[in-house]
Amino acid sequence: MEIIVKTAGEDLPSRIAQMFESVIHQGHGSLVLVFLIGVIFGGIIQYTRVDKFEKIAGFAMLKDTIVPKMLFLTVGLTSIGLYFMVEAGGAHYHIKPIIWQGLILGGVLFGISMAILGKCPGTGPVSIAEGRIDVLVGAIGGLLGGLVFTLYYDDIFEPLMGESFGKLTLPEFFPGNEHMVVLIFGITVALIAILIPKVEMFDEADLCKLPERERLDRD
Amino acid sequence: MHRLPWWMGAILMSGLLLMTFSVFGADRPIGASTYVPYFAGILFDLDPEKYTYLKEIKNSGAWEGVMLLGVLFGGFITSVFLTKTFRFSLIPTGWKRYKNNSVLSRLLWSFFAGFVMIIGARLAGGCTSGHFMSGMSQMAISAMIFGTVVMVVLVITGKLFYHTKED
């Protein structure tokens, strides 16, 4: 049997096939690797339960600090590891530009919606995969947001983002002392993660399934 | 509810980021919001040649799109077999406690927040993954500006939007 994949057509299946084809040809890892990166990403988020409303909206209410603790420790560890990988030629930096207007306006909209939805674009899909219908409704809203952004990019959104002030990184402010800056940054951020007091908001709907001695809120 | 401690999650996530950045991995950062307009383009049958933005995100949108399929798969498998937390639900426990008991209210707010979230992420050029995790790990100033604004606005919104004084 011959399998024919149409990658030039206009219909939905061939446009999805074009997505896979693009990943195969763009040289950022094989199709299997990219899929696997997603599986591990989703697995880590699900296994640590940081996709829960109680963790993200809970942080917005300052009643849960697991999300910032995990985020800051991740950044601290990765910043040091990545810097030396780049030095050794094993990786490259991919810096996003400083677009003040876009960053501030986008950050405000993002912060408001993250507090209300209790998810972000990385944790939302994990919640959908574990059966949260309200987040699926949020994703439909997101798709429409993506549609509006694409349709009015030239007329509204690109001008809103303002001009770029270049791609700066922290070590560039301290020429000659890059290594020191990286170490201080990484260690400080990791220390912040450890020093943020651990506060948790639990979900009774998860806890009630556990035997009394395994309940996380009882110690 | 079985789960990994936050520090173990951070170590694993850091390993995944480094592997993805590595030239032996994908030689690029992890991002998780470009796929949304990319999928919108596919679903609503927009011609990629006619829209500037679709041309800009052609490659990264496809990359994140495939990654997202993995995220859905990984999240589903983990929730069913490891944490055993898979269940259908319409309203989070925390919403009932600090906002209201109305399913309609939760769904309408979710829809609204999802819409605004993608506009915000695309204006800034990244989200929690692309800016906060990948960007801050590269010590990018853009990521630090975004991260600070998001954290401040997140906490202010949390105080104003939810009834946090009731317990």
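Visitor: Outline the overall build of chain B, supporting the account with residue identities and numerical values.
Guide: Within chain B one finds eight helices and zero strands. Taken from N to C terminus, the helices and strands of chain B fall in the order α-α-α-α-α-α-α-α. Looking at chain B residue by residue over its 167 residues, the buried ones come to 63%. In chain B, 50% of the contacts between residues at least 6 apart in sequence involve partners at least 24 apart. With the model as given, the accessible surface of chain B reaches about 6500 Å², and the carbon-plus-sulfur share is 70%.

Visitor: Summarise the environment of B:Phe161; cite the residues concerned and give the values.
Guide: Topologically, B:Phe161 is positioned in helix α8 (residues 141–161). Among all residues touching B:Phe161, those that are not within four sequence positions of it are A:Ile116, B:Trp95, B:Lys99 and B:Trp109.

Visitor: So, the interface of chain B and chain A: which residues are in play, and what are the values?
Guide: The interface is formed by 128 residues belonging to chain B together with 135 residues belonging to chain A. In this structure, A:Asp203 engages B:Arg87 in a salt bridge whose closest nitrogen and oxygen atoms are separated by 3.4 Å. Along the contact surface separating chain B from chain A lie 42 residue pairs in polar contact (both at pLDDT 80 or more). Elements represented by at least two residues in the side of chain B that touches chain A include exactly α1 (6–21), α2 (35–43), α3 (52–56), α4 (58–82), α5 (93–98), α6 (103–124), α7 (128–137) and α8 of chain B. Top element by residues in the side of chain B that touches chain A is α4(B). It accounts for 19 residues. Partitioned by chemical class, the residues of the side of chain B that touches chain A number 80 nonpolar, 36 polar and twelve charged.

Visitor: I'd like a rundown of the nonpolar core, residues and numbers included.
Guide: Counting 97 residues, the largest nonpolar core has A:Phe41 and A:Phe110 as its most contacted members. Element by element, the count of residues in this core is highest for α8(B), at nine residues. Ignoring sequence-local partners within four residues, the contact set of A:Phe41 consists of A:Gly122, B:Met13, B:Leu16, B:Ile30, B:Met67, B:Val71, B:Ser129 and B:Met133.

Visitor: Residues and numbers for the side chain of B:Arg122, please.
Guide: Its place among the elements puts B:Arg122 in helix α6. Buried and unpaired, B:Arg122 has no salt bridge, with B:Glu64 as the nearest side chain of opposite charge at 5.9 Å. Within the structure, the side chain of B:Arg122 is placed 2.6 Å from the side chain of B:Ser33, a separation counted as a polar contact. Setting aside chain neighbours within four positions, we find B:Arg122 in contact with A:Phe149, A:Met161, B:Ser33, B:Thr34, B:Pro37 and B:Tyr53.

Visitor: Would you mind going over a negative patch on the surface in detail, with residue names and values included?
Guide: Taken together, the side chains of A:Glu10, A:Asp11, B:Asp47 and B:Glu49 define an acidic patch exposed on the protein surface. The exposure class of A:Glu10 is exposed, given its relative accessible area of 58%.

Visitor: Just give me the short version of a nonpolar patch on the surface, but keep the residues and values in it.
Guide: Residues and elements named next belong to chain A. The grouping of Phe 84, Leu 183, Ile 187, Leu 191, Ile 194 and Leu 195 at the surface amounts to a nonpolar patch, some 560 Å² of accessible area in total. Note that Leu 195 resides in helix α9 (residues 178–195). Among the residues examined, Leu 195 registers a relative accessible area of 65% and is labelled exposed.

Visitor: How would you explain the side chain of A:Ser22 if you had to name every residue and give the values?
Guide: As for its position among the elements, A:Ser22 is in helix α1 (residues 12–25). Residue contacts for A:Ser22: discarding those within four places in its chain leaves B:Lys58, B:Asn59 and B:Ala62.

So, how was this worked out
- Residues numbered from 1 in each chain as written.
- Chains lettered and ligands numbered in written order.
- Predicted model: local features only at pLDDT ≥ 70, side-chain atom pairs only at ≥ 80, totals over all residues.
- Heavy atoms only, no water.
- Helix = DSSP H or I, 4+ residues; strand = E, 2+ residues; numbered from the N terminus.
- Buried < 20%, exposed > 50% of the residue type's maximum accessible area, 1.4 Å probe, protein only.
- Contact = heavy atoms within 4.5 Å.
- Areas by Shrake-Rupley, 256 points an atom, 1.4 Å probe, with all protein chains shown as cover.
- Salt bridge = Lys/Arg side-chain N within 4 Å of Asp/Glu carboxyl O.
- Polar contact = N/O pair within 3.5 Å; in protein donor to acceptor, adjacent residues only side chain to side chain.
- Nonpolar A, V, L, I, M, F, W, Y, C, P; charged D, E, K, R; others polar.
- Core = buried A, V, L, I, M, F, W, Y, C linked by side-chain atoms within 4.5 Å.
- Lys, Arg positive; Asp, Glu negative; His and termini not counted.
- Patch = residues over 30% accessible without salt bridge, like charges linked within 9 Å, V, L, I, M, F, W, Y side chains within 5 Å.
- Charge placed at Lys NZ, Arg CZ, Asp CG, Glu CD.

Geometry only, nothing functional implied.
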